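Structure at a glance
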Amino acid sequence: QVQLVESGGGLVQPGGSLRLSCAASGSIFRINTMGWYRQSPGKEREWVVTIMNSGTTNYADSVKGRFTISKVDWKTVYLQMNSLKPEDTAVYFCNAKVQGKNYWGQGTQVTVSS
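To keep things clear, this report deals only with the structure shown in the data block. (Residues numbered from 1 in each chain as written. Predicted model: local features only at pLDDT ≥ 70, side-chain atom pairs only at ≥ 80, totals over all residues. Heavy atoms only, no water.)

1. So, the sheet that holds strand S8 (residues 76-81)
Sheet strands pair via backbone hydrogen bonds, and the direction of the pair is either parallel or antiparallel. Taken in spatial order, the 4 strands of this open sheet run S1-S3-S8-S7, and their pairing is antiparallel. Both edges of this open sheet fall to strand S1 (2-7) and strand S7 (67-73), since each of them pairs with a single strand only. Each adjacent strand pair in this sheet contributes to an overall mean axis angle of 20°, direction not counted. Sheet analysis places S1 next to strand S3 (residues 18-26), joined by 6 bridges and oriented antiparallel. Across the sheet, residue Ser7 finds its bridge partner in S3, namely Ser21. (Pairing = 2+ DSSP bridges. Helix = DSSP H or I, 4+ residues; strand = E, 2+ residues; numbered from the N terminus. Axes fitted to C-alpha atoms, helices over the stretch in contact; angles between N-to-C directions.)

2. Notes on the state of the cysteines
Every disulfide links exactly two cysteines, by a covalent bond between their sulfur atoms. By the definition in use, this model includes 1 disulfide. The disulfide that involves Cys22 links it to Cys94, with 2.0 Å between the sulfurs. Note on the Cys22 and Cys94 pair: the S-S dihedral is about -85°, so by sign convention the disulfide is left-handed. Of this pair, Cys22 sits in strand S3 while Cys94 is found in strand S9 (residues 90-98), placing the two residues 72 residues apart along the sequence. Overall, the relative accessible area of 0% leaves Cys22 in the buried class. (Disulfide = S-S within 2.5 Å. Buried < 20%, exposed > 50% of the residue type's maximum accessible area, 1.4 Å probe, protein only.)

3. Notes on the pattern of salt bridges
Evaluated as defined, the whole model comprises 3 salt bridges. A salt bridge links Arg38 to Glu46, with the shortest nitrogen-to-oxygen separation between them at 2.9 Å. In this structure Arg38 comes out as buried when scored by relative accessible area, which is 6%. Here Glu46 falls in the partly exposed class, since its relative accessible area comes to 33%. Across the pair Asp88 and Arg38 runs a salt bridge whose closest N-O atoms are separated by 3.0 Å. Separated by 50 residues along the polypeptide, Asp88 in the loop between S8 and S9 and Arg38 in strand S4 (residues 33-39) bring together distant segments of the chain. Neither residue differs from the other here; Asp88 and Arg38 are each classed as buried. (Salt bridge = Lys/Arg side-chain N within 4 Å of Asp/Glu carboxyl O.)

Here it is as structure tokens:
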């Protein structure tokens, strides 16, 4: 199994920046992809970004050009968030996929407000 722990969330002003971290442990060598999802109260969980083992990335249109996912290996994956907007406010979840099975972290709260 894979265990995921997010950190780095907090309160920032619109236009500000924040960097989230995801620490992975367990059967890391089995991971196919990792990424980030987010969820606001009363809303469905939304896909944000995915990174593959090769380093190839895919971003949701809502964050493209503002957010950047990066990794050295699967042990630590980052999400750099710039030019934050109030609509980015959500709980952000780290995700790992192993042959179609999803693993999730506990989530970290990001609040963008003046």
